[in-house]
Amino acid sequence: MKTAVCPGSFDPVTKGHLDIIRRASKLFDRVIVVVLQNTAKTSTFSLQERVHFIEESTKDIENVTVDSYDGLLMDFCRIHNAVAVVKGLRAVSDFEYEFQMSLINKELNPEIETVFINTAQEYMFLSSSVVREVASFGGDVSRFVPEPISAEITEKLVKGGEK
Ligand code: PNS
């Protein structure tokens with residue numbers, strides 16, 4: 001059984017992320033989506049909220065599970081016997097950072113491959129930060145985030161902006 005890990009901060013998960021998770025689920029027997037800490041970012045949503053949003057969005061994909069981990073991605077992969085990490089690439093601007101990460105991860109665990117999946121053209125512009133910005137000003141994010149969590153995300157971000 002070949003297991004892949006889709007890591008990210010998912011703050012919150014977007015339709016672009018979901019597209020990558022769905023496509024990865026067709027390439028591997030099992031996909032674990034893991035919410036990790038990105039030390040360069042401060043999260044808007046709690047870890048529990050981010051995991052919940054992904055669980056709600058991936059309910060219909062049989063071979064996908066969701067987890068969180070407070071540590072190195074490569075340690076998580078080792079614990080779960082994963083053979084690959086799957087990441088989406090939107091544009092050249094993503095490449096340098098993702099390439100560097102993949103090289104560091106290779107140093108940490110040479111057994112794991114990083115597989116990049118090109119983002120679908122319709123999601124090239126999309127990011128979690130765009131979703132947060134639009135929703136915090138009361139804009140409609142339903143076309144950016146998975147349908148089951150759209151209302152919940154909007155409510156939380158609009159409320160947060162009112163404080
Ligand atoms: O969605 P993001 O923010 O681009 O995801 C980045 C993430 C969370 C995958 C990355 O920061 C990560 O792997 N964090 C866990 C710690 C780790 O293993 N870092 C890589 C070696 S420095």
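(A) Molecular detail of helix H2 (residues 47-58). Here H2 contains 12 residues, and its C-alpha end-to-end distance of 17 Å stays within 8% of the 16 Å for a straight helix at 1.5 Å per residue. The complete set of buried residues in H2 reads Arg50, Val51, Phe53, Ile54, Ser57 and Thr58. Around the axis of H2, the buried residues are gathered within 160° of arc, so they sit on the same side.

(B) A look at the environment of serine 129. Relative to the assigned elements, serine 129 resides in helix H5 (residues 128-136). As a C-alpha pair, serine 129 and proline 12 span 117 residues in sequence and 8.4 Å in three-dimensional space.

(C) Highlighting the pairing of strand S2 (residues 30-35). When you tally the buried positions in S2, you get five out of six residues, the bulk of the element. Here strand S1 (residues 3-8) runs beside S2; their pairing, made up of six bridges, is parallel. Following the sheet pairing, proline 7 is matched in S2 by valine 34. Each parallel crossover has a hand, and for S1 linked through helix H1 (residues 15-27) to S2 it is right-handed. Relative to strand S3 (residues 64-68), S2 runs parallel, the two being bridged by five bridges.

(D) H5, seen in detail. Buried within H5 we find Ser128, Val131 and Ala135. Within H5, the buried residues cover an arc of 60° as seen down the axis, which keeps them to one side. Immediately downstream of H5, the backbone of glycine 138 shows phi near 80°, a positive value.

(E) Geometry of the nonpolar core. Core analysis: the biggest nonpolar cluster contains 33 residues, and Cys6, Val31, Val33, Ile54, Val86, Val131 and Ile153 have the highest contact counts within it. Every element with two or more residues in this core is listed here: S1, H1, S2, H2, S3, strand S4 (84-89), H5 and helix H6 (150-162). Examining the composition of this core, we find that four residues originate from one element, H1, more than from any other. Residues Val5, Ile32, Leu73 and Cys77 belong to the second largest nonpolar core, which totals 11 residues.

(F) The arrangement of the site of the ligand in detail. For the ligand, the set of nearby residues contains 15 residues, the closest of which are Ser9, Gln37, Asn38, Lys41 and Leu73. Note that an oxygen atom of the ligand is positioned 2.7 Å from one of the side-chain N or O atoms of lysine 41. For the ligand, whose accessible area on its own is 550 Å², the fraction buried by protein is 81%. When contributions to the shell around the ligand are tallied by element, the ones reaching two or more residues are S1 and helix H4 (92-108). Broken down by element, the shell around the ligand gets its largest block of residues, four residues, from H4. When its residues are assigned to classes, the shell around the ligand shows seven nonpolar, six polar and two charged.

Thresholds applied
- Residues numbered from 1 in each chain as written.
- Predicted model: local features only at pLDDT ≥ 70, side-chain atom pairs only at ≥ 80, totals over all residues.
- Heavy atoms only, no water.
- Helix = DSSP H or I, 4+ residues; strand = E, 2+ residues; numbered from the N terminus.
- Expected span 1.5 Å × (residues − 1).
- Buried < 20%, exposed > 50% of the residue type's maximum accessible area, 1.4 Å probe, protein only.
- Arc of directions from axis to C-beta.
- Pairing = 2+ DSSP bridges.
- Right-handed = clockwise from strand over helix to strand, strands pointing away.
- Core = buried A, V, L, I, M, F, W, Y, C linked by side-chain atoms within 4.5 Å.
- Near = heavy atom within 4 Å.
- Polar contact = N/O pair within 3.5 Å; in protein donor to acceptor, adjacent residues only side chain to side chain.
- Areas by Shrake-Rupley, 256 points an atom, 1.4 Å probe, with all protein chains shown as cover.
- Nonpolar A, V, L, I, M, F, W, Y, C, P; charged D, E, K, R; others polar.

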